[in-house]
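Architecture and fold: a report
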Amino acid sequence: MGSVPSTPLKSGNVRPQDTAEYLIGTFVGEKSFPISSDYWQKLLELPLNLHWPAHRVLQACQLFAQNNQCTRHLAKFLIHLSWCLQDCISASGAPSDVYDKAVNAVYITSVFLKHLIENAQSDDIEGLYLSLDEKEPIPKDLIQDESIEDLMMHRVLSFITSVAVSPNTYLLHLELLNFMLIAMSTQLLCGPSPGPKDVNPFIDAAMVQDSSLVSLVVRKLLLNYISQPGMPFKSASYSIFYEGSQPSVLQRVGSAAANFVLLPLSYLGNSKGEYSKSPLADCSLLVLLVLIHYHKCVVSNESKMDKSADSATSDSLLKENTYFSDNYYCKALENAKDVEFDRIDVEGNAHSGPVVRLPFASLFDALGMCLADEAAVLLLYSLLQGNSDFLEYVLVRTDSDTLLMPLLEALYNAPWRTPNQIYMLLIILLILSQDSSFNASIHKLILPSVPWYKERLLQQTSLGSLMVIILIRTVQYNLSKLRDVYLHTTCLATLANMAPHVHRLSSYASQRLVSLFFMLSRKYNKLAELRDNKVILGKGNSINSLSEDVSAELHIYTDFLRLVLEILNAILTYALPRNPEVVYAIMHRQEVFQPFKNHPRFNELLENIYTVLDFFNSRMDAQSMDGEWSVEKVLQVIILNCRSWRGEGMKMFTQLRFTYEQESHPEEFFIPYVWQLVLSRRVLSFNSGAINLFPVDPVPMEKKENDGEVSSKSRNDEPSMHGLLLDP
């Protein structure tokens, strides 16, 4: 059998054909065993304790890939695995050895399936040979026209939803979730934009399951995430990865889980992964994210009938005549309801199909504890963006700091976050800021301290003031590092939504707000100077092109400056009496507005600011003061005169309100993003050379100095978020 491990010598009464080496060697070899052979039961039932190094595993996988086309052993083993899972489902309270056998089967399947997938071509995934040979009799319980992948996914999902997580079943639940990630990883072979020629047999099989099973799957995966069940092993030093000479997990736990074959677990995942308190919760979340963000591209019937066009024209027509099939996992999440509410919809809305009922309170608390994790942030985004009931639940909670504090802390640590995680965090804040009651309530919640904020001691600061501070800090970081227009827009849109509801904004937040205008004005002035210099230099093509680029960027920063003035105007128009610190900050830095007083885009907005300045400056001048003005004395005069402020002479502008709208084809961002999260968790390693879904090697940010202008290229190893829309 070539590079297959040689058959060991007989020991005692053990026959060679019953040994681990022989059974695995035969599985990957040239001889094909019929599905009815007792060989399969021997392979499943023998307590194996093989311990192969990675190179021997690779040799076995390579030989299996050569022979699977003829033996169809993968298809046969999947069928036996499905039968094994059915036994586990049927035998309530089954002894642990029943589950041990299933764990063994799932693991062996995962090792060889992973190798086949990552070494397949994106257009030749049929090389998995997920069908029996025509001469092979069809098993009795295989329904006519039911594919093996349909059977397998149905059994996997049925087990996950119907068998409770317990010390006996934990490892099998975990291995099945890992198997699902491996089986669905065919998406990594596809291009970044889903197309009609993509082949993803296992995830497509998951998508066509009955709606009742789909709802149960979504519920169970979320309950796993909420409950965060830990590994049921006594050893606190338990590690799921095999490293060097250390014993494998199953050898270490001994009788707790029996001895299975386990080729090194590091063959599936990266051994450098961080320890997780609940690997089952982590894998449940990743599987859920893969399922809810998947969209299958389907060719319309009209396109299928047109065979006359040539290849290039045909591909073009395919793209024009495609649509995305419904994702019922996504719909189940979007329609999920709180278990605390009566089953009858209070609004009388009818919902087709079964409804997922979840403990929203427990889900809220679980997310609050885990938002340092990027996958948890994506789950929160998915819930807030898609599920109006959960969004409403979050908005009416009085302890909004449970979610906001970890979100703001993550933004505070932006230099250590991926750009896409920063976008997700900001979009969540934008979605929340669309609600006026939320904007009002966050200013009433006072934080005793903010220990993770290092630049300044923040004590007795409102949650709303902290949110303003962090959003402005993010703009500053973006201005110096990322230089992403979309990120600026999202931050300013959130601040604009908050502005009319600001209440007792802290002195530091008020100062930062005025400094934000100054910071953007400096960038504006540099661009204006650069544009003027280019115009003076001449009319060359390259110079014209540069001038156009600078003019376009100048226009963008003009809009940003106007938006900041709109934010200040909204506070002064609707909330001035409640915000003396904002008035003080504007008076203290009033010189920053002077250069723009006659600007055609800003003059009307600045008229209001100068109306406020004139009012309070005159009140200051009217005060007889012995000695110099102190901050406390100035603020006292402002507070006193805020009571008599009537807003006379102020122009009323339409109140800005920004809403977030997800674009029509979000899958082009989310599918690559989710799989980047899966790979970053190291629960699954994958041949980087086989990945087509996104560029693998990061391209560092490039900085060029060009006449004082600093430009950069965004990282192209991450999918772009710029397709997501903001509608004012």
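Residues numbered from 1 in each chain as written. Predicted model: local features only at pLDDT ≥ 70, side-chain atom pairs only at ≥ 80, totals over all residues. Heavy atoms only, no water.

The name given to the protein in an unreviewed UniProt entry is Dymeclin, with Carya illinoinensis as the source organism. As stated in UniProt under Sequence similarities (unreviewed entry), the record for the protein gives "Belongs to the dymeclin family." (UniProt positions renumbered as here; feature names shortened; annotations may be inferred.)

A short note on the packing of helix α16 (residues 374-386) against helix α28 (residues 667-680)
One way to put it is that α16 packs onto α28 with a least axis distance of 10 Å and a crossing angle of 150°. As α16 packs across α28, the resulting crossing turns out to be left-handed. Taken together, the residues of α28 that come into contact with α16 (itself represented by E374, A375, L378 and Y381) are F670, Y673, V674 and L677. When the residues that make up the contact of α16 with α28 are grouped by side-chain class, the tally is 7 nonpolar, no polar and 1 charged. (Axes fitted to C-alpha atoms, helices over the stretch in contact; angles between N-to-C directions. Helix = DSSP H or I, 4+ residues; strand = E, 2+ residues; numbered from the N terminus. Left-handed = near helix turned anticlockwise from the far one by under 90°. Contact = heavy atoms within 4.5 Å. Nonpolar A, V, L, I, M, F, W, Y, C, P; charged D, E, K, R; others polar.)

Focus: the side chain of R512
In this structure, R512 sits in helix α23 (residues 507-537). Ignoring sequence-local partners within four residues, the contact set of R512 consists of I472 and Q476.

With respect to the environment of F658
Along the chain, the position of F658 falls in the loop between α27 (631-642) and β7 (659-661). Residues F658 and L430, spaced 228 residues apart in sequence, show a C-alpha to C-alpha distance of 8.0 Å.

Points about the packing of aromatic side chains
A full pass over the atoms with the stated rule returns 29 aromatic pairs. Consider the rings of Y412 and Y453, whose centres lie 5.2 Å apart with planes at 45°: the pair is tilted. In this pair, Y412 sits in helix α18 (residues 401-412) while Y453 sits in the loop between β5 (446-449) and β6 (459-462), placing the two residues 41 residues apart along the sequence. Each member of the pair Y412 and Y453 is classed as buried. With 6.2 Å between their ring centres and 25° between their planes, F616 and W645 make a pair best called stacked. Of this pair, F616 sits in helix α26 (residues 603-621) while W645 sits in the loop between α27 and β7; the two residues are 29 residues apart in sequence, bridging distant segments of the chain. Residue F616 shares its accessibility class with W645, and that shared class is buried. Within the aromatic cluster, the residues linked to one another by ring pairs are F27, F33, Y39, W40, F64, F77 and F112. The side chain of R589 reaches across the aromatic face of F518, ending 5.0 Å from its centre. (Phe/Tyr/Trp six-rings, centres within 6.5 Å; stacked < 30°, edge-to-face > 60°. Buried < 20%, exposed > 50% of the residue type's maximum accessible area, 1.4 Å probe, protein only. Lys NZ or Arg CZ within 6 Å of the ring centre and 35° of its normal.)

Looking at the packing of helix α9 (residues 211-227) against helix α11 (residues 279-292)
Here α9 crosses α11 at 145°, and the two axes come no closer than 8 Å. Note that α9 runs across α11; the crossing there is left-handed. Between α9 and α11, the contacting residues are V217, V218, L221, L222, N224 and Y225 on the first element and L280, A281, S284, L285, V287, L288 and L291 on the second.

Describing the nonpolar core
By size, the foremost hydrophobic cluster in this structure holds 237 residues, and its most contacted members are L291 and F593. Once you skip the residues sitting within four places of it in the chain, F593 turns out to touch V514, F517, L565, L568, I586, L606, I609 and Y610. (Core = buried A, V, L, I, M, F, W, Y, C linked by side-chain atoms within 4.5 Å.)

Overview of the environment of L289
Here L289 is to be found in helix α11. Its relative accessible area of 0% is what places L289 among the buried residues. Counting along the chain gives 382 residues from L289 to I671, while the straight-line C-alpha distance between them is 9.1 Å. Excluding residues that lie within four positions of it along the chain, L289 makes contacts with A375, L378, L379 and V674.

Notes on the confidence of the model for the protein
Confidence in the prediction for the protein averages 82 pLDDT; 78% of positions are at 70 or higher. Note on residues 270-274: pLDDT under 50 across the span, and 10 contacts to partners over four residues away in sequence or across chains. Across residues 699-717, where pLDDT falls below 50, the model places 36 contacts with residues more than four positions away in sequence or in other chains. (pLDDT = per-residue confidence, 0-100.)

Points about the side chain of N641
Mapped onto the elements of the fold, N641 is located in helix α27. Relative accessible area serves as the criterion here: at 10%, N641 is assigned to the buried category. Within the structure, N641 has its side chain in polar contact with the backbone oxygen of V637 (distance 2.8 Å). Once you skip the residues sitting within four places of it in the chain, N641 turns out to touch F615, F616 and R619. (Polar contact = N/O pair within 3.5 Å; in protein donor to acceptor, adjacent residues only side chain to side chain.)

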